Amino acid sequence: MFTNRVEAGQRLAEALIRFKDEACVIYAIPRGGVVLGAEIAEKLEKPLDLIITRKVGHPSNPEYAVCVVAEDGHEMCNQEEIGSIDKGWLAEAKEKERQEAKRRRLTYLGSKEPISAEGKTAIVVDDGIATGMTFLMAVKEVKHHNPAKIVAAVPVMPADFEDILRKEVDEIVCLDIDPYYEGAVGAYYGDFPQVTDEQVKKLMGEI
């Protein structure tokens, strides 16, 4: 159990301290991942950037992701799930989330250019992994930067996702790989409030 995102970020930063002497870029997934990313970037004295992806929830259960889209148009979908979903609705939902991803980058970073990790270690951070689709999409986006190495850094994730993730990254740093995953990231935190746009802007402005 983590007290809150700040404490989880501090503990994760300690687990990542060996990367302090490497050329690294920290990529956080908004919104929740930015709180942890800021702690890690400060501790390791590395630049912090964002990888903005958006999930498309099932029409009958918005919390259950059937697709994940990135601001540049790339997407990842659960082919079994989308087969029974109206194609027109799905196309509209994906475009809506793409636009929201673009809005978030403009809101959080303004005109700042993305930080490239070409030839460096890219550390991808979130506040936890549930289904893993959002995180895998973020890793896919980071690969466009041609990093020398990709490290996945999260406080908690289900054990049955570990093998899937290991095929996509060079290293996993996770404080709790749980074989009895409780189904929601928030279940592992004492305090897990919604992170606001203003909080993200403040964190990105301070790094």
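Note that the structure is predicted; figures quoted are calculated from it, not measured.

Conventions and cut-offs
- Residues numbered from 1 in each chain as written.
- Predicted model: local features only at pLDDT ≥ 70, side-chain atom pairs only at ≥ 80, totals over all residues.
- Heavy atoms only, no water.
- Helix = DSSP H or I, 4+ residues; strand = E, 2+ residues; numbered from the N terminus.
- Rg over C-alpha atoms; globule rule 2.2 N^0.38 Å.
- Buried < 20%, exposed > 50% of the residue type's maximum accessible area, 1.4 Å probe, protein only.
- Contact = heavy atoms within 4.5 Å.
- Lys, Arg positive; Asp, Glu negative; His and termini not counted.
- Charge placed at Lys NZ, Arg CZ, Asp CG, Glu CD.
- Phe/Tyr/Trp six-rings, centres within 6.5 Å; stacked < 30°, edge-to-face > 60°.
- Lys NZ or Arg CZ within 6 Å of the ring centre and 35° of its normal.
- Axes fitted to C-alpha atoms, helices over the stretch in contact; angles between N-to-C directions.
- Parallel < 35°, antiparallel > 145°, perpendicular 65-115°, else oblique.
- Salt bridge = Lys/Arg side-chain N within 4 Å of Asp/Glu carboxyl O.

A. Structural detail: the overall build of the chain. Helices and strands together make up the secondary structure of the chain, namely 7 helices and 8 strands. In summary, the chain has a C-alpha radius of gyration of 16 Å against a globular reference of 17 Å for 207 residues, a match within 12%. Here the chain holds 207 residues, and 51% of them are scored as buried. Put simply, 68% of the contacts in the chain that link residues at least 6 apart link residues at least 24 apart. Placing the 26 positive and 37 negative side-chain charges of the chain at their respective mean positions leaves the two points 3 Å apart.

B. The packing of aromatic side chains, seen in detail. Enumeration over the complete set of coordinates arrives at 3 aromatic pairs. Their ring planes at 40° and their centres at 5.5 Å tell us that Phe 2 and Tyr 189 sit as a pair that is tilted. With Phe 2 in the segment before α1 (5-15) and Tyr 189 in the loop between β8 (171-178) and α7 (197-206), this pair connects stretches of sequence that are 187 residues apart. A single burial state applies to Phe 2 and to Tyr 189, both of which are buried. What links up through ring pairs into an aromatic cluster is the set Phe 2, Tyr 189 and Phe 192. Across the ring face of Phe 192, the terminal group of Arg 5 is positioned such that the distance to the ring centre comes to 4.0 Å.

C. Spotlight on the environment of Ala 15. Here Ala 15 is to be found in helix α1. Residue Ala 15 is classed as partly exposed on the basis of its relative accessible area of 27%. Sequence separation between Ala 15 and Pro 30 is 15 residues, and the spatial gap between their C-alpha atoms is 21 Å. Not counting residues up to four positions away in its chain, the partners in contact with Ala 15 are Val 173 and Leu 175.

D. Representation of the packing of helix α4 (residues 87-109) against α7 within the structure. Between α4 and α7, whose axes approach to 8 Å, the crossing angle comes to 50°. When the axes of α4 and α7 are compared, the pair comes out oblique. For the pair α4 and α7, contact is made by Arg 103, Thr 107, Tyr 108 and Leu 109 and by Asp 197, Val 200, Lys 201 and Met 204, respectively.

E. Summary view of the pattern of salt bridges. Evaluation of the coordinates by the stated rule reveals 19 salt bridges. A salt bridge links Arg 5 to Asp 127, with the shortest nitrogen-to-oxygen separation between them at 2.9 Å. Pair noted here: Arg 5 is in helix α1 and Asp 127 is in the loop between β6 (121-125) and α5 (133-143), with a separation of 122 residues, a long-range link. Classification of Arg 5 by relative accessible area gives buried; the value is 9%. Judged by its relative accessible area of 8%, Asp 127 falls in the buried class. The closest approach of N and O atoms between Arg 98 and Glu 95, which form a salt bridge, is 3.5 Å. Of this pair, Arg 98 and Glu 95 both sit in helix α4, 3 residues apart, roughly one helical turn. In this structure Arg 98 comes out as buried when scored by relative accessible area, which is 13%. Among the residues examined, Glu 95 registers a relative accessible area of 36% and is labelled partly exposed. Salt bridges sharing partners connect three or more residues here, namely Arg 31, Glu 100, Arg 103, Arg 104 and Asp 197.

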